[in-house]
Structures are given as structure tokens and as C-alpha cells.
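# An overview of the molecular structure
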Amino acid sequence: MVDANKKTKLIEVGRTGIFLVALCAIIALLLSLLNIVTRDRISENEERNLRDAVVALFGSENIEYVLLEVTPEAVDAIYKVTEGETARGYCVRVSPEGFGGKIDILVGVDNSSSVIGVRIISHNETPRLGSRIENNHFLSQFIAITSKSEKNIDVISGSTVSSRAVTEGVRTALSALDEYLLGGVVIE
Amino acid sequence: MSKNNGFITQLKNGIFDNNPTLIQLLGLCPALAITTSLSNAIGMGVATTAVLICSNILISLLRKFIPSKVRIYTFVIIISGLVTAAEMLMKSFFFDLYTSLGLFVPLIAVNCIILEGADSFASKNKVITSAIDGLSMGLGFTVALIAVSIIRELLGTGTILGFSVFGASYRPAILFTLPAGAFLTLGLIAAVVQKARYAKEDREKSKGREEERV
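Not measured: the values here are computed from a predicted model.

Thresholds, definitions, all that
Counting restarts for each chain: residues are numbered from 1 in the order of the written sequence. In the order they appear in the text, chains get letters beginning with A and ligands get numbers beginning with 1. Only residues with pLDDT of 70 or above have their local features reported here, since the model is predicted, and side-chain atom pairs are shown and tallied only from 80 upward, although totals for entire chains, interfaces and linings are computed over all residues. Neither water nor hydrogens contribute to the side-chain values; these are computed over all heavy atoms in the structure. Criterion used throughout: strands pair if DSSP finds at least two bridges between them. Starting at the N terminus, helices and strands are each numbered in turn, a helix being any DSSP run of H or I of at least four residues and a strand any DSSP run of E of at least two. Note on method: axes are straight lines fitted to C-alpha atoms, helices fitted across the in-contact stretch only, with angles between N-to-C directions ranging 0 to 180 degrees. Polar contacts, as used here, are pairs of N or O atoms within 3.5 Å; protein pairs need one atom able to donate a hydrogen and one able to accept it. Residues neighboring in sequence count only if both atoms are side-chain atoms. Contact between two residues is taken to exist if any of their heavy atoms lie within 4.5 Å; hydrogens are not considered. Note on patches: the residues involved have over 30% relative accessible area and no salt bridge, like charges join within 9 Å, and the nonpolar side chains Val, Leu, Ile, Met, Phe, Trp and Tyr join within 5 Å. Residue-level accessible areas treat just the shown protein chains as cover; the underlying method is Shrake-Rupley with a 1.4 Å probe. A pair is scored as a salt bridge if a Lys or Arg side-chain nitrogen falls within 4 Å of a carboxyl oxygen belonging to Asp or Glu. Buried residues of nine kinds, namely Ala, Val, Leu, Ile, Met, Phe, Trp, Tyr and Cys, make up a nonpolar core once their side-chain atoms join them within 4.5 Å. For each residue, the accessible area found with a 1.4 Å probe, counting protein chains only, is set against the maximum for its type, and the residue is called buried under 20%, exposed over 50%, and partly exposed in between. Think of pLDDT as the predictor's per-residue confidence, scored from 0 to 100. What counts as a ring pair is set by centres within 6.5 Å for rings of Phe, Tyr and Trp (its six-membered ring), and what kind of pair is set by the plane angle: stacked under 30 degrees, edge-to-face over 60, tilted for all other angles.

### Things to note about the sheet that holds strand β5 (residues 115–122) of chain A
All names here are of chain A.
- On the basis of which strands lie adjacent, the open sheet formed by five strands has the order β1-β2-β3-β4-β5 and antiparallel pairing. In this open sheet, the two strands that pair with only one neighbour each are β1 (63–67) and β5. Looking at each pair of strands side by side, their axes are set apart by 25 degrees on average, direction ignored.
- Pairing of strand β3 (residues 86–94) with strand β4 (residues 104–110) involves six bridges; the strand directions are antiparallel. In the sheet register, R93 faces β4, and the bridge partner there is L106.

### A short note on the side chain of N111(B)
Residue and element names in this part refer to chain B.
- The residue N111 is located in the loop between α5 (95–101) and α6 (112–122) in this model.
- In this structure the side chain of N111 is engaged in a polar contact, spanning 3.0 Å, whose partner is the backbone nitrogen of I113.
- Excluding residues within four positions of it along the chain, N111 makes contact with G27, P30, T48 and F141.

### Digging into a nonpolar patch on the surface
- Residues I26(A), L29(A), L30(A), L33(A) and I36(A) make up a contiguous nonpolar surface patch of roughly 490 Å² in combined accessible area.
- Mapped onto the fold, I26(A) is located in helix α1 (residues 2–58).

### Brief notes about the nonpolar core
- One finds M44(B), V51(B), I59(B), I108(B) and L145(B) to be the most contacted residues of the largest nonpolar core, which totals 39 residues.
- Elements with a minimum of two residues in this core: α1 of chain A together with α3 (38–61), α4 (71–93), α5, α6 and α7 (127–157) of chain B.
- The element that contributes the greatest number of residues to this core is α4(B), accounting for 10 residues.
- For V51(B), the residues in contact, after removing those within four places along its chain, are L82(B), V83(B), A86(B), I108(B) and I114(B).
- If you look at the next biggest cluster of nonpolar residues, it comprises 27 residues, including V118(A), L139(A), I156(A) and L174(A).

### A look at the pattern of salt bridges
- Taken as a whole, this structure holds seven salt bridges over all chains when the rule is applied.
- A salt bridge links E97(A) to K102(A); the shortest N-O distance between them is 3.3 Å.
- For E97(A), a relative accessible area of 52% translates into the label exposed.
- The exposure class assigned to K102(A) is exposed, which follows from its relative accessible area of 53%.
- Across the salt bridge formed by K12(B) and D17(B), the nearest N and O atoms sit 3.8 Å from each other.

### A word on the confidence of the model for chain A
- For chain A, the average pLDDT comes to 86, and 95% of its residues sit at 70 or higher.
- Per-element mean pLDDT across chain A ranges from 84 in β1(A) up to 92 in β4(A).

### Describing the packing of aromatic side chains
Residues and elements named next belong to chain A.
- Counted according to the given criterion, the structure contains three aromatic pairs over all chains.
- With 6.4 Å between their ring centres and 70 degrees between their planes, Y90 and Y180 make a pair best called edge-to-face. Taken together, the residues span a long stretch of sequence, with Y90 in strand β3 and Y180 in helix α3 (residues 160–181) at a distance of 90 residues.
- Its relative accessible area of 12% is what places Y90 among the buried residues.
- Measuring from ring centre to ring centre gives 5.6 Å for F138 and F142, while their planes differ by 90 degrees; the resulting arrangement is edge-to-face.
- Overall, the relative accessible area of 1% leaves F138 in the buried class.

### Quick word on the pairing of strand β2 (residues 77–83) of chain A
All names here are of chain A.
- Relative to β2, β1 runs antiparallel, the two being bridged by five bridges. When the bridges of β2 are listed, L67 appears paired with Y79.
- Sheet topology note: the β2/β3 ladder contains seven bridges and is antiparallel. Bridged to A77 within β3 is R93.
- As consecutive antiparallel partners, β2 and β3 are separated by two residues, and within that stretch G84 has a phi angle of approximately 65 degrees, a positive value.

Shown next, in the form of C-alpha cells:
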């Protein structure tokens with residue numbers, strides 16, 4: 001009697017389990033199909049977004065940028081920026097850990113290794129609080145600093161973690177670029 | 001004819017009589033957070049409505065197969081799958097909107113309007129009525145978002161859809177772009193809606209009394 005009860009219970013648990021696994025599998029399959037369809041468009045959009053950021057940093061439509069083949073470990077990417085034949089500087093992409101995940105930052109640096117601007121490409125910070133790191137009066141503080149300058153960057157009150165993350169990101173970017181320019185790159 | 005009437009009643013129910021945001025006070029997190037501009041509100045409303053309709057249809061289709069013990073898990077799996085799909089589609093077709101809504105797109109998955117619709121309506125009703133319920137609840141949510149965002153954008157930044165309304169001399173009341181302004185605006189709108197509802201009820205009651213007397 002007890003055994004029979006146990007058996008029906010087991011069957012029920014098994015059925016429920018199979019149902020959930022099957023449901024998850026079907027949804028995962030459909031999502032991966034959708035991913036194949038949308039992948040190209042998404043990367044195209046992201047590429048355009050990056051280009052817009054670089055154009056805004058260097059203030060010129062005619063700039064070109066190439067990804068450097070060797071990237072220091074601490075940063076995501078370094079792009080060498082040129083306009084026609086002349087070298088304009090570098091863009092360093094870093095993604096420090098913010099309050100709500102990684103903050104994707106592009107740091108524009110001129111030929112003398114000082115910052116010409118900082119752009120936030122994407123972030124998941126709290127809207128209205130951490131998201132204020134996108135404000136110009138915060139980001140403009142970074143202009144003209146170099147890896148050697150000891151200028152203090154004011155954090156935004158209420159957004160301490162996010163603003164510190166950006167500051168840290170810019171510092172990392174500058175020292176990684178220094179490292180690269182001095183030729184002492186750690187190749188991974 | 002009766003079917004048509006049912007459709008209109010259901011729509012009216014979602015938008016006015018039983019508005020998910022202004023009457024039931026569900027889904028307040030996005031309603032308070034993203035209503036700083038009208039374009040955000042429209043984008044969020046449309047995205048939520050689309051997810052709501054699809055989840056209601058799917059759950060209604062599956063309602064005979066979903067084991068009741070794990071029904072909430074099932075709803076959450078289906079809803080989060082749909083939201084992931086919506087996120088991918090938004091990233092590929094409305095990239096600017098996606099960047100401005102940011103974190104709130106994945107958070108559609110935990111909007112309680114959707115889970116509530118799934119549990120109390122779609123799992124008990126036929127596919128078409130469930131779809132209409134999704135549409136009407138989604139529209140109700142969108143209407144509420146639009147109402148809040150118009151007031152907040154107009155007073156907080158002096159613009160509508162990015163176009164300046166009051167001219168350059170207007171000094172915006174920054175309070176309205178902050179969270180406190182969101183609560184104030186939503187609270188006032190909800191109060192006005194309640195007042196209108198009670199006024200209507202009173203009218204109907206006094207009408208009934210007069211008829212009795214006659």
C-alpha cells in the first residue's frame with residue numbers, strides 16, 4: 001500500500017521534472033535560433049556605436065581606427081586612431097566593475113598621452129543614480145590628465161561606487177597605454 | 001455582436017476600470033523609473049505589451065499540460081525566455097531605445113503585471129481571451145506610463161519627445177526627473193483616477209435611488 005503510494009509520487013515527480021527540462025530545452029533552442037538571426041545586426045549596431053564614440057572623442061568624421069594586435073591584459077582593446085596620414089592618438093577600451101556590472105568605457109588619448117575625453121559606451125548602473133557617470137561635468141574632469149598627473153577626481157555624491165569605477169578604469173587605461181608605448185607589453 | 005462587445009469590455013477593463021498600474025498598483029518599478037521621458041515610456045509600454053500578449057498566448061496554450069505544483073516556475077521560464085528574445089530583437093532593430101532603457105529591458109521579466117496575468121488569467125482562460133487580456137493590460141500599463149511621463153518630461157525638462165515646449169527661458173523643476181517626482185506624479189494621477197471612479201459610482205447609486213422612489 002505504502003509502496004504503491006510512493007510509486008505514484010515518484011512518477012509524478014518524474015513527469016514534472018521531464019516537463020521542466022523539456023520546456024527549458026525548447027526555449028533554449030528557440031533563443032539560440034533567434035541569436036543566430038540577430039547576431040550580425042547586433043554586432044553591426046555595436047560597431048556603429050563604437051565608431052560614433054570615437055568620432056565624438058576626436059571631433060572629426062574622417063578618422064580611422066585599427067585594433068592593435070597586442071593588447072595589455074588589463075584592458076579590453078587599444079585602437080590606434082589616424083586621420084588620413086596623421087596619427088591622432090589612441091582609444092583605450094576598459095570595462096571596470098561598477099555597481100551593477102561592468103561599465104564599458106572608451107578613453108581617448110592624444111599623441112602626448114594625455115586624455116582628450118572619456119565616453120561611456122554602455123553600463124548597467126542604477127538609473128538616475130549611478131547613471132550620472134554619463135554626465136559631462138563628471139567626465140570632463142578627466143580631460144588633460146596623464147598617467148603621471150595626480151589630479152583628484154570628484155566623485156558624484158550618491159554614485160560613489162560608479163564614479164570610482166570610472167576613475168579606476170581611466171587610470172588602468174592610461175597605465176596600460178604607457179606600458180604598450182614603452183614596449184614593455186605583457187603579451188597574453 | 002456579443003463577442004465584439006466582450007472585446008471592448010475587456011479593453012475598457014484593462015485601460016480604465018482595472019488599470020494594472022493606476023488601480024491595481026502593479027508594475028510600479030518600471031512605471032516610476034523609466035518615465036522620465038515620453039519616448040522611454042512608449043518604448044517600455046510597447047515592449048511590455050508585446051511580451052505580455054505572447055506570454056499569455058503561450059501559457060494559455062500550455063495550460064492543460066502545466067503541472068499545477070510547478071506552474072509559477074513554468075511561467076517564469078516562459079516569460080524570461082520571451083524577454084530575452086525581446087532584448088535581442090530590440091538590440092538589433094531599436095538600438096538607441098535599448099541603450100536608453102538599459103537595465104529595464106531584462107527587468108520586464110520580473111514585471112508583476114506579466115506574472116499576475118499568467119497566473120490569474122491565462123492559465124484559466126482560452127487563447128483568444130487571454131491574448132485580449134494581455135493586450136488590454138499592456139495598453140493600460142502603456143497609458144499609465146505615458147500619462148506619468150508627459151507630466152514628468154514637461155515639468156522636469158520642459159520638453160515633449162525632445163522638443164522644447166516652454167522655450168529656453170523655462171527653468172525646469174528638476175524634482176520631477178528625480179524619483180520623488182515620480183512618486184508624486186504617479187500618486188496624483190492615481191488619486192484623480194480614483195476620484196473619477198467614485199464619482200461615477202455615486203452617480204450610478206443616486207440614479208438607482210431615484211428610480212426606486214419613482
